[in-house]
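Descriptive analysis of the structure
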Amino acid sequence: MSVVVIGVFDGVHRGHQEVLNQAKKIAGDEKIIALTFDPHPTTVFAPDRAPTLLTILTDRIELLKIHNADQVAVMKFTPEFAAMSPEDFVSKVLVDQLGATTVVVGKNFTYGSKAAGNVDSLKAHSQFETIVLDLEPSEGVVVSSTRIRKLIVEGNVELACTLLTRPHRLDGIVVHGEKRGREIGYPTANLGDLENQTIPSDGVYAGWLTVGIDRWPAAISIGTNPTFDGVRGRQVEAYAIDQVGLELYSLRATIEFGWRLRETLKFDGLEPLLEQMAKDCDKARELTEL
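Cut-offs used in this document
- Residues numbered from 1 in each chain as written.
- Predicted model: local features only at pLDDT ≥ 70, side-chain atom pairs only at ≥ 80, totals over all residues.
- Heavy atoms only, no water.
- Pairing = 2+ DSSP bridges.
- Helix = DSSP H or I, 4+ residues; strand = E, 2+ residues; numbered from the N terminus.
- Axes fitted to C-alpha atoms, helices over the stretch in contact; angles between N-to-C directions.
- Contact = heavy atoms within 4.5 Å.
- Parallel < 35°, antiparallel > 145°, perpendicular 65-115°, else oblique.
- Left-handed = near helix turned anticlockwise from the far one by under 90°.
- Nonpolar A, V, L, I, M, F, W, Y, C, P; charged D, E, K, R; others polar.

1. Concerning the sheet that holds strand β4 (residues 100-106)
- Taken together, the 5 strands give an open sheet; going across it, the order is β3-β2-β1-β4-β7, and neighbouring strands pair in parallel fashion. The sheet terminates laterally at β3 (71-76) and β7 (129-133), the two strands that pair on one side only. Pairwise comparison of adjacent strand axes, ignoring direction, gives a mean angle of 25° for this sheet.
- As paired elements, strand β1 (residues 2-6) and β4 share 4 bridges and run parallel to each other. Residue pairing for β4: Val4 is matched across the bridge by Val103.
- Packed on one face of the sheet, helix α1 (residues 14-27) meets β1, β2 (31-38), β4 and β7 and runs near 165° to β1.

2. Considering the packing of helix α7 (residues 145-153) against helix α8 (residues 157-164)
- Interhelical geometry of α7 versus α8 gives an angle of 155° and a closest axis separation of 8 Å. Here α8 runs roughly antiparallel to α7, going by the angle between their axes. When the axes of α7 and α8 are compared, the crossing they make is left-handed. Facing α7, whose interface residues are Arg147, Ile148, Leu151 and Ile152, α8 presents Leu159, Ala160, Leu163 and Leu164.
- Of the residues belonging to the contact of α7 with α8, the class tally is 7 nonpolar, no polar and 1 charged.

If you want it as structure tokens, here you go:
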């Protein structure tokens, strides 16, 4: 006996949360199972158009459980799974594996090989009740993973935060950079292992750096450090404000983006750069203490 809610749920944003809230009202004493897919289905159907992710899988599972899912079922999205007939998806996954008594989907939901199944064919199955949700824009704002992804790439982390109901975050491992920040009094945690995550546009941000149980206010820089000579790749680095002596190399870390402070600038030497960095840290400290 279970209410199965189906979706990719990338970001578990305000719209996804509303679907899960509706499922909670429907479920009563039945358990809610969120059925999600990994990797993103587009990586199988159209790899060149596969989107970057708003949440890594472990975060997605945690967020789904926070927002009313009793269990999360992760379906490995492979070419073989994509080739499954609509009938097999219903009988083998929804009925046999998940024991669905109610299935909750969005109005555009499709399933099975070549997306041959839709909400009408799902409703035709008598083993469970199908409930189709057509959510209205929240406060006149369309909430979708695609829209939030675009906002983040443009650097609008404030509106993205509103639509996600939390700051956008990147999860990675602290790697060795050029150690220049350490030399000039601003040692930064340089985040690596960010493949397929949605990185904001180049610039300076205020937010937080979390390692283990510690969460510090941070000034965050994304870019190529144009003030210094040489060609370097794009870096995501965070300075934990007012912290000294941190040894974070090789540790897992999370950076959360609260506010965009400014674009990346090329300074005429170290002094004006340090002057601006002090201002950035003051602003970040002020914002994160609000």
